[in-house]
Amino acid sequence: MKRNLQIIGGVVAVLVGLGFIMPAVAQLRAEGALPGVSVALLLLGVFLSLGGGWGVLAGVRQAKTH
């Protein structure tokens, strides 16, 4: 049960992180620069996505005998 929750939480974190990353990348592409707040949101999204990916991998790699 804990393994499933960890995987689901990781997937949610990746999706939320992508929700922060994609608008910042679109703004960077359209305007050529990012204001300070957008840079902060971009970094937050990157960290959320990386942490969520790590959580998914850790959940998948846990022993399946538990």
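In the block above lies the structure referred to throughout.
What you see is a predicted model; the values in this text were computed from it and never measured.

K.L.:
Lay out the overall build of the chain in plain terms, naming residues and giving numbers.
P.N.:
Helices and strands together make up the secondary structure of the chain, namely two helices and zero strands. C-alpha extents for the chain along the principal axes are approximately 50 × 15 × 15 Å. Scored against the burial criterion, the 66 residues of the chain give a buried share of 17%. Sequence-distant contacts in the chain: of pairs separated by 6 or more residues, those separated by 24 or more amount to 73%. Counting only carbon and sulfur atoms, one obtains 74% of the accessible surface of the chain, whose full area is about 4,800 Å².

K.L.:
How would you summarise a nonpolar patch on the surface if you had to cite specific residues and measurements?
P.N.:
Together, Val11, Leu15, Leu18 and Met22 give the surface a local cluster of nonpolar side chains, amounting to about 360 Å² of exposed area. Topologically, Leu18 is positioned in helix α1 (residues 2–31).

K.L.:
Break down the environment of Gly59 for me, citing the residues and quoting the values.
P.N.:
Structurally, Gly59 is set in helix α2 (residues 36–61). The buried category is assigned to Gly59, whose relative accessible area is 0%. Between the alpha carbons of Gly59 and Gln6 there is a distance of 5.7 Å; along the sequence they are 53 residues apart. Among residues more than four places away in sequence, those in contact with Gly59 are Arg3, Gln6 and Ile7.

K.L.:
Which residues make up the packing of α1 against α2, and what values go with them?
P.N.:
Interhelical geometry of α1 versus α2 gives an angle of 155 degrees and a closest axis separation of 7 Å. Considered as vectors, α1 and α2 are oriented roughly antiparallel to each other. Seen from above, α1 lies across α2 with left-handed handedness. Across the contact of α1 with α2, the residue classes break down as 18 nonpolar, eleven polar and one charged.

What counts, and where the lines are drawn
- Just so you know, the residues in each chain are numbered from 1, in the order the chain's sequence is written.
- The model is predicted, so local features are restricted to residues of pLDDT at least 70 and side-chain atom pairs to those at 80 or more, both for listing and for counting; the totals for chains, interfaces and linings are taken over all residues.
- Remark: hydrogens and water are excluded; side-chain values derive from all non-hydrogen atoms of the structure.
- The helix and strand labels rest on DSSP assignments: H or I over at least four residues marks a helix, E over at least two residues marks a strand, and numbering proceeds from the N terminus.
- The rule is simple: take the accessible area with a 1.4 Å probe, protein chains only, and divide by the maximum for that residue type; under 20% is buried, over 50% is exposed, in between is partly exposed.
- Only heavy atoms enter the contact rule, under which two residues are in contact if any of them lie within 4.5 Å.
- Reported accessibility uses the Shrake-Rupley method at a 1.4 Å probe radius. Residues are deemed covered only where the shown protein chains occlude them.
- Distance thresholds for patches are 9 Å for like charges and 5 Å for nonpolar side chains (Val, Leu, Ile, Met, Phe, Trp, Tyr), applied to residues having over 30% relative accessible area and no salt bridge.
- The rule for a salt bridge is simple: a side-chain nitrogen of Lys or Arg has to be within 4 Å of a carboxyl oxygen of Asp or Glu.
- Helix axes are fitted only over the stretch in contact, all axes being lines through C-alpha atoms; the angle between N-to-C directions runs from 0 to 180 degrees.
- In what follows, roughly perpendicular refers to angles from 65 to 115 degrees, roughly parallel to angles under 35, roughly antiparallel to angles over 145, and oblique to any angle outside these ranges.
- Left-handed is the label given to a crossing in which the near helix is rotated counterclockwise from the far helix by less than a right angle, and right-handed is the label when the rotation is clockwise.
- When residues are sorted by character, Ala, Val, Leu, Ile, Met, Phe, Trp, Tyr, Cys and Pro go into the nonpolar class, Asp, Glu, Lys and Arg into the charged class, and all the rest, Gly among them, into the polar class.

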